[in-house]
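The chain contents come next:
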Amino acid sequence: MEEQFAKLDIRKDENIVYKRTPLLVDRPLSYCPGCGHGTVHRMLMETLEEMDIQDKTIGISPVGCSVLAYDFLNIDMLGAAHGRAPALATAIKRMWPDKFVFTYQGDGDLAAIGTAETIHACNRGENFVIIFINNGIYGMTGGQMAPTTLPGMRSSTSPYGRDEKTMGHPLRMTELVAQLPGTYFVTRQAVHTPNHVRRTKKALRKAFENQKLNVGISFIEVVSNCNSGWKMTPVNSNKWMEDNMFPYYPLGDIKVDGKIVEPKAVTAKAGE
Amino acid sequence: MAKIKGDIVINVERCKGCEVCLASCPTSVIGMAKEVNSKGYHFAIKVNDTCTGCMNCALVCPDGVITVYRAKVTAE
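Reference entry: report on the structure contained in this document. Quick caveat: nothing in here was measured; it's all calculated off a predicted structure.

The next subject is the sheet that holds strand S4 (residues 66-74) of chain B. The sheet built from 3 strands is open, its strands ordered S1(A)-S4(B)-S1(B) with antiparallel pairing. A single partner strand is all that each edge strand has here, and the edge strands are strand S1 (16-18) of chain A together with strand S1 (2-10) of chain B. Each neighbouring strand pair of the sheet contributes to a mean axis angle of 35°, computed without reference to strand direction. The pairing of S1(A) with S4(B) spans 2 bridges and is classified as antiparallel.

Shown next as structure tokens:
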């Protein structure tokens, strides 16, 4: 059926405007359909491809869904103990200051068990990139409540919704680390619409460029969906994310070039 | 007058049928197949020829299965 609409006259190599980057290993990603991890992986690898630093980059994979990131990203990767990725990245960056180092962490890894490592690495002003995927839940282990779970949000360990009186308030890690003098670039992005994907890529590029300047941590939070954990279809989970996650986790730059930017009205709707 | 025409090629074996590309396409080029691929997913297919090569679908595809072509075509 598809071939019926094929325009063979323009299906030529010189007309390709977009294709999967060769820096991703030619292997199907193990993530659920519609998961934002795949998009972030792709944007990350495209950034490295554009900067031509594949052979100079070392990534740290976390514990969580993206623990298998080293299976897909065709660069040097190390796996850290749960939450300890910033500590490992600190060691690597200090040993090889000319390499580009990044950690790729989820919210259970970075905001729960790795809070100490994250905050101290940011406070020391280490010179690497932290990519923080926030989906408000422990996705890999079956949708348990995470520190970033929204008030009233149901998860498998908060079946009546998160009660802030007994379970605490959702943790805004990104605003927290922006207060520390060691961070240089702190931003929050999303990857559910084409425009947000483009912005995320720009933020990644800026973060890796900052590493050349040796100025401090670049911290990128990506608000993502977890359609399996939230028990929704991918399209519905993106809609739910826009309606519920973005009011609590507003998108946009929080700290640029070491200065906190004034929060402005955030428009998180699709296509803006 | 020159016109921009586009085309997409979907790697149907890699497609997981999440339908995120459907929502992002401005000209509704993509639909879902009735058939399934070897993993059991209903994959995305082209359902008409109005593609402009805007790359929206390819950018949001989590699995990167879409290749986009774009060319200027001079209308006869």
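That covers the picture; the talk isn't over yet.
Quick look at the nonpolar core now. Judged by nonpolar contacts, the single largest core of 57 residues is most densely connected at A:Leu44, A:Leu73, A:Phe102, A:Ile131, A:Phe208, B:Ile8 and B:Ile66. Broken down by element, this core gets its largest block of residues, 6 residues, from helix H1 (residues 36-51) of chain A. Counting 22 residues, the second-largest nonpolar core is a separate cluster that includes A:Ala80, A:Ala111, A:Leu180 and A:Ile254.

Residues and elements named next belong to chain A. Across the sheet, 8 strands lie side by side as S3-S2-S4-S5-S7-S6-S8-S9; this open sheet has mixed pairing. A single partner strand is all that each edge strand has here, and the edge strands are strand S3 (76-79) and strand S9 (259-260). In this structure, strand S8 (residues 252-256) lies alongside S9, joined through 2 bridges in antiparallel fashion. Directly across from Val 256, in S9, lies its bridge partner Lys 259. In this fold helix H3 (residues 85-95) packs onto strand S2 (57-61), S3 and strand S4 (100-106), with an angle of close to 175° to the strand it touches most, S4.

Glancing now at the environment of B:Asn48. Mapped onto the secondary structure, B:Asn48 falls in the loop between strand S3 (42-46) and helix H2 (56-60). Separated by 36 residues in sequence, B:Asn48 and B:Val12 have C-alpha atoms that sit 17 Å apart. Those residues in contact with B:Asn48 that sit more than four places away from it in its chain are A:Phe5, B:Thr27, B:Ser28 and B:Val29. A distance of 3.0 Å separates the side chain of B:Asn48 from the backbone oxygen of B:Ser28, its partner in a polar contact. Of note is the side chain of B:Asn48, whose polar atom sits 2.7 Å from the side chain of B:Thr50.

Turning to a negative patch on the surface, a few remarks are in order. The grouping of A:Glu49, A:Asp52, A:Asp55 and A:Asp76 at the surface amounts to a negative patch. Following the sequence through the fold, A:Asp55 ends up in the loop between H1 and S2.

Frequently, the measure chosen for interface size is the accessible area that the parts lose on association. Contacts between the two partners involve 36 residues from chain A and, on the opposite side, 38 residues from chain B. Seen at the junction of chain A and chain B, the total is 2 salt bridges. Across the salt bridge formed by B:Asp7 and A:Arg11, the nearest N and O atoms sit 2.6 Å from each other. For the pair chain A and chain B, the number of links is 12 residue pairs in polar contact (both at pLDDT 80 or more).

We now examine the pairing of S2(A). Residue and element names in this part refer to chain A. With respect to burial, S2 is a largely interior element, 5 of its 5 residues being buried. Across the two faces of S2 the burial is the same, with Thr 57, Gly 59 and Ser 61 and Ile 58 and Ile 60 all buried. As paired strands, S2 and S4 are joined by 4 bridges and run parallel to one another. Across the sheet, residue Ile 58 finds its bridge partner in S4, namely Val 101. Note that S2 and S3 share 4 bridges and pair parallel. By the bridge assignment for S3, Ser 61 is matched with Gly 79.

Let us now look at unusual backbone geometry. Glycine aside, negative phi is the norm for most residues, and most peptide bonds take the trans geometry. All names here are of chain A. The phi torsion at Asp 52 lies on the positive side, around 60°, for a residue other than glycine. Of note, Asp 52 is situated in the loop between H1 and S2. By relative accessible area, Asp 52 is classed as exposed at 59%. A positive phi angle is found at Asp 257, which is not glycine, with a value near 50°. Counting through the fold element by element, Asp 257 comes out in the loop between S8 and S9. Asp 257 gets classed as partly exposed once you look at its relative accessible area, which sits at 36%.

The next thing to look at is helix H8 (residues 194-213) of chain A. All names here are of chain A. Here H8 contains 20 residues, and its C-alpha end-to-end distance of 29 Å stays within 8% of the 28 Å for a straight helix at 1.5 Å per residue. Inspection of H8 places Pro 194, His 196, Val 197, Thr 200, Lys 201, Ala 203, Leu 204, Ala 207, Phe 208, Asn 210 and Gln 211 among the buried residues, and these make up the whole buried set. Immediately beyond the C-terminal end of H8, within one or two residues, lies Asn 214, with a positive phi of roughly 60°.

Before going further, it helps to examine the pattern of salt bridges. In a structure, side chains of opposite charge can pair up when their charged atoms sit close to one another. Residues and elements named next belong to chain A. The full count for this structure, using the stated rule, is 18 salt bridges over all chains. Arg 205 is the salt-bridge partner of Glu 209, the closest N and O atoms lying 2.9 Å from each other. Note that Glu 209 and Arg 205 are positioned in helix H8 at a spacing of 4 residues, about one turn of the helix. Residue Glu 209 is classed as partly exposed on the basis of its relative accessible area of 25%. We note a salt bridge from Lys 239 to Asp 243, for which the minimum N-O separation is 2.8 Å. Of this pair, Lys 239 and Asp 243 both sit in helix H10 (residues 234-248), 4 residues apart, which is roughly one turn of that helix. In the salt-bridge network here, residues are joined through shared partners; they are Arg 42, Glu 46, Glu 50, Lys 201, Arg 205, Glu 209 and Lys 212.

Each value, and the rule that gives it
- Within any chain, residue numbers begin from 1 and follow the written order of that chain's sequence.
- Here chains are named by letter from A upward and ligands by number from 1 upward, in the order in which they appear as written.
- Whole-chain, interface and lining totals are the exception, using all residues; otherwise, since this is a predicted model, local features are given only for residues with pLDDT of at least 70 and side-chain atom pairs are given and counted only at 80 or more.
- Each side-chain value is worked out from all heavy atoms of the structure, with water and hydrogens disregarded.
- Each pair of strands is called paired provided DSSP finds at least two bridges between the two strands.
- Counting from the N terminus, the helices are the DSSP runs of H or I reaching at least four residues and the strands are the DSSP runs of E reaching at least two.
- Angular values range over 0 to 180 degrees, each being the angle between N-to-C directions of two axes fitted as lines to C-alpha atoms, with helices fitted over their stretch in contact.
- We call a set of buried Ala, Val, Leu, Ile, Met, Phe, Trp, Tyr and Cys residues a nonpolar core when their side-chain atoms join them within 4.5 Å.
- The cut-offs for exposure are 20% and 50% of the maximum accessible area for each residue type, with area from a 1.4 Å probe on protein chains only; residues under the lower value are buried, those over the upper are exposed, and the others partly exposed.
- The contact criterion used throughout is that any non-hydrogen atoms of two residues lie within 4.5 Å.
- Contacts described as polar in this section are N or O atom pairs within 3.5 Å, which, within protein, must combine one atom able to donate a hydrogen with one able to accept it, while residues neighboring in sequence count only if both atoms come from side chains.
- Residues with no salt bridge and a relative accessible area higher than 30% make up the patches, which join like charges within 9 Å and nonpolar side chains (Val, Leu, Ile, Met, Phe, Trp, Tyr) within 5 Å.
- Accessible surface is estimated by sampling points in the Shrake-Rupley manner with a 1.4 Å probe; for residues, cover comes only from the protein chains shown.
- Salt bridges are identified by distance alone: a Lys or Arg side-chain nitrogen within 4 Å of an Asp or Glu carboxyl oxygen.
- The charged-residue count follows a simple rule in which Lys and Arg add positive charge and Asp and Glu add negative charge, with His and chain termini not counted at all.
- We put the charge of a Lys on NZ, of an Arg on CZ, of an Asp on CG and of a Glu on CD.
- In this analysis, the expected span of each helix is defined as 1.5 Å times one less than the number of residues it contains.

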